[in-house]
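Structural overview
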Amino acid sequence: MGRTGRTRSRRRGRRGPSAGGVATRVAAVAAVGLVALSAPATDLAAQVTASWAPFRNAGTADGPEPARVVDAPQPVTAVPDPIIDTPVLALPVPRRLQVEVPTPLVPHGVPLETTPPPAQCGGYGSLRQVPPGVVPGPGSATVSWQADGRDVVQGYRVSAVSQQLVTGAQPAPPQVTVGQRADCGEVTATVGGLTSGVAYVFWLEEMVLDADTGVTEYEQVGWSPAVVIA
């Protein structure tokens, strides 16, 4: 009887779970759950930290080179066509052409104004001018000049050119041919068949032998002023 009464007294002495105990247990269970749930989150954080480790020291000597950024394409601006400045060429102003004719290029009958070099007979040479002297007579004239001492001179020819013009073709002038003399003396020729009262100009030509071709040709070397025949 005594044991039974004790047992009951013990059972009666046990208390049920109080509110504070329940709360404590719930908090403990929640803490355990958080710990359990936080385990995967901790692993995830470790993985993220490990994945960012290569970029932490980017651009430094210890870290890898940063990735190159591709330049964005620049907008293309339309370029206008260049303006070509065409130079204006200045046209030359026409000027009057002045031609100076040298003295030797003169028509027949006009004296040459030159200083001839000395010749073997003196007084003239090449270029040379031999002005003949004229003495008029009745229907004729005597013409004289100094001989040309050059070896190529073979003779002379004197022509009396009338200064009186006629209708139609002019008649051929009277001519006289004389040979060369051995020294440098005076050469004389008489021209006849002249008309009295008419003025004549006497042309003097030298008969010259061309050493290369062997051909003889006449070269005019002098002329006289107009002389009226008696």
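Think of each chain on its own: its residues are numbered from 1, step by step along the sequence as written. This being a predicted model, a pLDDT of at least 70 is required before a residue's local features are given, and a value of 80 or more before pairs of side-chain atoms are given or counted; all residues contribute to the totals for chains, interfaces and linings. In computing side-chain properties, one takes all heavy atoms of the structure into account and sets aside hydrogens as well as water.

**Side note on the overall build of the protein chain**
The secondary structure listing takes helices from DSSP runs of H or I that are at least 4 residues long and strands from runs of E that are at least 2 residues long, numbered from the N terminus. Across its full length, the protein chain carries two helices and eight strands. For each residue, the accessible area found with a 1.4 Å probe, counting protein chains only, is set against the maximum for its type, and the residue is called buried under 20%, exposed over 50%, and partly exposed in between. Counting only residues that meet the buried cut, the protein chain has 20% of its 230 residues in that class. Across the protein chain, every contact between residues at least 6 apart in sequence was considered, and the portion connecting residues at least 24 apart equals 61%. By definition in these notes, contact holds between two residues if any of their heavy atoms fall within 4.5 Å.

**Remarks on the sheet that holds strand 1 (residues 133-137)**
Here we have three strands laid out as an open sheet, ordered 1-2-5, and antiparallel in their pairing. Of all strands in the sheet, those with a lone pairing partner are strand 1 and strand 5 (186-192), marking the two edges. When strand polarity is set aside, the average angle formed by the axes of neighbouring strands in this sheet is 20 degrees. At least two DSSP bridges between two strands are needed for those strands to be called paired. Relative to strand 2 (residues 140-146), strand 1 runs antiparallel, the two being bridged by five bridges. Among the inter-strand pairings, G137 is bridged to a residue of strand 2, identified as S140. Orientation is described by axes fitted as lines to C-alpha atoms, over the contacting stretch for helices, and by angles from 0 to 180 degrees between their N-to-C directions.

**Some points on the nonpolar core**
By convention a nonpolar core is built from buried Ala, Val, Leu, Ile, Met, Phe, Trp, Tyr and Cys residues, the set being connected through side-chain atoms within 4.5 Å. Among the nonpolar cores identified, the biggest contains 21 residues, and W145, Y156, V158, L194, Y200, F202 and L204 are the most heavily contacted of them. For this core, the secondary structure elements donating two or more residues are strand 2, strand 3 (153-162), strand 5 and strand 6 (199-209). The leading source of residues in this core is strand 3, at four residues.

**Digging into the side chain of D148**
Within the element layout of this structure, D148 appears in the loop between strand 2 and strand 3. Polar contact criterion, stated in full: a pair of N or O atoms within 3.5 Å, where within protein one must be able to donate a hydrogen and the other to accept it, and residues adjacent in sequence count only if both atoms are side-chain atoms. A polar side-chain atom of D148 sits 3.0 Å from a polar atom in the side chain of R150.

**Quick word on the side chain of R157**
Following the sequence through the fold, R157 ends up in strand 3. For R157, a relative accessible area of 19% puts it in the buried group. Residues contacting R157, with those up to four places away along its chain left out, are Q175, V176, T177, W203, L204, E205 and Y218.

**Some remarks on the pattern of salt bridges**
Whenever Lys or Arg places a side-chain nitrogen within 4 Å of a carboxyl oxygen from Asp or Glu, that contact is recorded as a salt bridge. One pass over the structure, following the stated rule, counts four salt bridges. Two residues, R150 and D148, come together in a salt bridge whose shortest N-O distance is 3.0 Å. Here R150 matches D148 in class, with each residue buried. Put simply, R181 and D183 hold a salt bridge, and the shortest N to O gap is 2.4 Å. Note on D183: relative accessible area 41%, which makes it partly exposed. Where salt bridges share partners, they join D148, R150 and E206 into one cluster.

**What about the packing of aromatic side chains?**
Put simply, two rings from Phe, Tyr or Trp (the six-membered ring, in Trp's case) pair if the centres are within 6.5 Å, and we call them stacked under 30 degrees between planes, edge-to-face over 60, tilted for the rest. Applying the stated criterion to the full structure yields one aromatic pair. Between W145 and Y156, the aromatic rings sit 5.4 Å apart at their centres with planes inclined by 65 degrees, giving edge-to-face as the arrangement. Placement of the pair is W145 in strand 2 and Y156 in strand 3, with a sequence separation of eleven residues. Residue Y156 is classed as buried on the basis of its relative accessible area of 1%. Positioned above the aromatic ring of Y218, the side-chain terminus of R157 is 3.8 Å from the ring centre. Any Lys NZ or Arg CZ found within 6 Å of a ring centre and within 35 degrees of that ring's normal is scored as a charge over the ring.

**Here we look at the confidence of the model for the protein chain**
Predictor confidence is given residue by residue as pLDDT, running from a minimum of 0 to a maximum of 100. For the protein chain, mean pLDDT is 73; residues scoring 70 or higher make up 53% of the total. Counted against residues more than four places away or in other chains, residues 1-13, with its pLDDT under 50, gives zero contacts.

**Quick notes on the pairing of strand 2**
In terms of strand pairing, strand 2 meets strand 5 through seven bridges, oriented antiparallel. The residue of strand 5 that forms the bridge with Q146 is E186.

**Regarding the environment of V187**
With respect to the helices, strands and loops of the structure, V187 is situated in strand 5. Each C-alpha atom, one on V187 and one on G155, is 10.0 Å from the other, the two residues being 32 residues apart in sequence. For V187, the contacting residues outside a window of four places in its chain are V143, S144, W145, A147, Y156, V178 and R181.

**Focus on the environment of W203**
Following the sequence through the fold, W203 ends up in strand 6. Note: C-alpha distance between W203 and V161 (42 residues apart in sequence) is 7.4 Å.

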